[in-house]
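Residue-level structural notes
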Amino acid sequence: MSVKISPSVLTADFLTLKEDIKRLEDAGADMLHLDVMDGIFVPNISFGVPVIKSIKKHTLLPLDVHLMIDRPHRYIKEFAEVADYLGFHFEAGSDVADTLKEIRNLGCKSCLTIKPCTNPQAIFEFLPLCDMVLVMSVEPGFGGQKFMPSALSKLSVLREEIAKQGLDILLEVDGGINAETAPQAVKAGADVLVAGNYVFSAADMKATVENIKNL
Ligand code: DX5
Ligand code: ZN
């Protein structure tokens, strides 16, 4: 299976987002990664359901929504109406199993996310309820940070456990992905790469996306 790329629009100019989404589609993006931040779970505020609703009107790409919000179970229904993959943080203070089940019951693919401080073993018991697992390779909150190599062993451990449990789960990595770190993450077992700054700052977006996907 080839690697999928899920560009994050966090660093895009929101007034020209429609054009940027078209450029990402033309460049071969597989999904769109949408970072929702509440200023409480992370020290930054981004956007919510209304913006995602508008984005949805202009693309057929699956929407990969990354909730960085406190007690995410409070908002699952609203986000499930606009997301394809709906992910939340293990550390965010919701009942993990119930929230994953609710996401699936509402017709979305469920995604559980771990911060750099969380051991992958902590989520082993929830894997059967996940369609995707997201390993953060930076502290959530901001784009443009440096990749933390500690994410690599977490990806390997999770990839092994997913195989051991006989599950079909996408393994996504988010933060600091570039030409140097993408091959390392793929080698460690990632099959979905989130990339924000690297894709948006590229002189040739299409060539950059193709390079990553052909790893
Ligand atoms: C960080 C976000 C990331 C971020 C990725 O909290 O979850 O999705 O936008 O951006 P880069 O690729 O620039 O690290
Ligand atoms: Zn993200």
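Refer to the structure presented above.
Being a predicted model, the structure only gives us computed values, none of them experimental.

1. Focus: the coordination of the zinc ion (ligand 2)
- At this site the zinc ion (ligand 2) is bound by His 33 (NE2), Asp 35 (OD), His 66 (ND1) and Asp 174 (OD), with donor distances of 2.0 to 2.3 Å.
- What the six donor atoms of the zinc ion (ligand 2) show is an angle range of 70 to 170 degrees at the metal, which sorts the shape as octahedral.
- In primary sequence terms, the donor set of the zinc ion (ligand 2) follows H-x1-D-x30-H-x107-D. One end of the pair, Asp 35, is in strand β2 (residues 32-37); the other, His 66, is in strand β3 (residues 63-68), with 31 residues separating them in the sequence. Neither Asp 35 nor His 66 differs from the other in exposure class; each is buried.

2. Description of the pairing of strand β7 (residues 170-174)
- Here β7 lies mainly inside the structure; five of its five residues are buried.
- The alternating pattern of β7 places Leu 170, Glu 172 and Asp 174 and Leu 171 and Val 173 on opposite faces, both of which are buried.
- Pairing of strand β6 (residues 132-136) with β7, which is carried by five bridges, proceeds in the parallel orientation. Within β7, the position partnered with Met 132 by the bridge is Leu 170.
- Between β6 and its parallel partner β7, the chain crosses via helix α5 (residues 150-164), and the hand of that crossover is right-handed.
- Relative to strand β8 (residues 192-195), β7 runs parallel, the two sharing three bridges. Each residue of the ladder has a partner; that of Glu 172, found in β8, is Val 192.
- Crossover β7 to β8 through helix α6 (residues 181-187) is right-handed.

3. Section: the pairing of strand β5 (residues 109-114)
- Extensive coverage of β5 is indicated by the burial of five of its six residues.
- The pairing of strand β4 (residues 85-89) with β5 spans five bridges and is parallel. Within the sheet, the bridge partner assigned to His 89 lies in β5 and is Thr 113.
- Regarding topology, helix α4 (residues 96-105) serves as the crossover connection from β4 to the parallel β5, and that connection is right-handed.
- As paired elements, β5 and β6 share four bridges and run parallel to each other. Residue pairing for β6: Cys 111 is matched across the bridge by Met 132.

4. Regarding the sheet that holds β7
- Strand order in the open sheet made by the eight strands is β1-β8-β7-β6-β5-β4-β3-β2, with parallel pairing throughout. At either margin of the open sheet sits one strand with a lone partner, and together these are β1 (4-7) and β2. Each strand axis lies, on average, 25 degrees off the axis of its neighbour in the sheet, ignoring direction.
- Where β1 meets β8, four bridges bridge the pair, whose relative direction is parallel. Looking across to β8, one finds that Lys 4 is bridged to Val 192.

5. What to know about the side chain of Thr 181
- For Thr 181, the location among the structural elements is in helix α6.
- Exposure remark for Thr 181: the relative accessible area of 7% places this residue in the buried category.
- Of note is the side chain of Thr 181, whose polar atom sits 2.8 Å from the backbone oxygen of Gly 176.

6. Things to note about unusual backbone geometry
- One non-glycine residue, Arg 71, lies in positive phi territory at about 45 degrees.
- Of note, Arg 71 is situated in the loop between β3 and α3 (76-80).
- For Arg 71, a relative accessible area of 39% gives the class partly exposed.

7. Points about the environment of Cys 108
- Inspection of the secondary structure puts Cys 108 in the loop between α4 and β5.
- If we skip the residues at most four places from it in the chain, Cys 108 touches Ala 80, Ala 83, Asp 84, Leu 86, Ile 103 and Asp 131.

8. Quick notes on the site of ligand 1
- The environment of ligand 1 is formed by 20 residues, the closest being Asp 35, Gly 141, Asp 174, Gly 176 and Gly 196.
- In this structure, an oxygen atom belonging to ligand 1 sits 3.1 Å away from a side-chain N or O atom of Ser 8.
- Isolated, ligand 1 exposes 380 Å² of accessible area, and the fraction of that covered by the protein chains is 99%.
- Under a 2 Å grid-point criterion requiring more than half of the atoms, the pocket assigned to ligand 1 is the largest pocket.
- Listed by contribution, the elements that provide at least two residues to the shell around ligand 1 are β2, β3 and β8.
- No other element matches the three residues that β2 contributes to the shell around ligand 1.

Rules used in this analysis
- Residues numbered from 1 in each chain as written.
- Chains lettered and ligands numbered in written order.
- Predicted model: local features only at pLDDT ≥ 70, side-chain atom pairs only at ≥ 80, totals over all residues.
- Heavy atoms only, no water.
- Donors = N, O, S within 2.8 Å, 3.2 Å for Na, K, Ca; no water.
- Tetrahedral: all angles 85-135°; square planar, octahedral: opposite > 155°, others 65-115°.
- Helix = DSSP H or I, 4+ residues; strand = E, 2+ residues; numbered from the N terminus.
- Buried < 20%, exposed > 50% of the residue type's maximum accessible area, 1.4 Å probe, protein only.
- Pairing = 2+ DSSP bridges.
- Right-handed = clockwise from strand over helix to strand, strands pointing away.
- Axes fitted to C-alpha atoms, helices over the stretch in contact; angles between N-to-C directions.
- Polar contact = N/O pair within 3.5 Å; in protein donor to acceptor, adjacent residues only side chain to side chain.
- Contact = heavy atoms within 4.5 Å.
- Near = heavy atom within 4 Å.
- Areas by Shrake-Rupley, 256 points an atom, 1.4 Å probe, with all protein chains shown as cover.
- 1 Å grid on protein atoms, 1.4 Å probe; cavity = no way out; pocket = protein on both sides within 12 Å on 5 of 7 lines; lining within 4 Å.
- Sits in = over half its atoms within 2 Å of the grid points.

Don't take any of this as a statement about function, it's just geometry.
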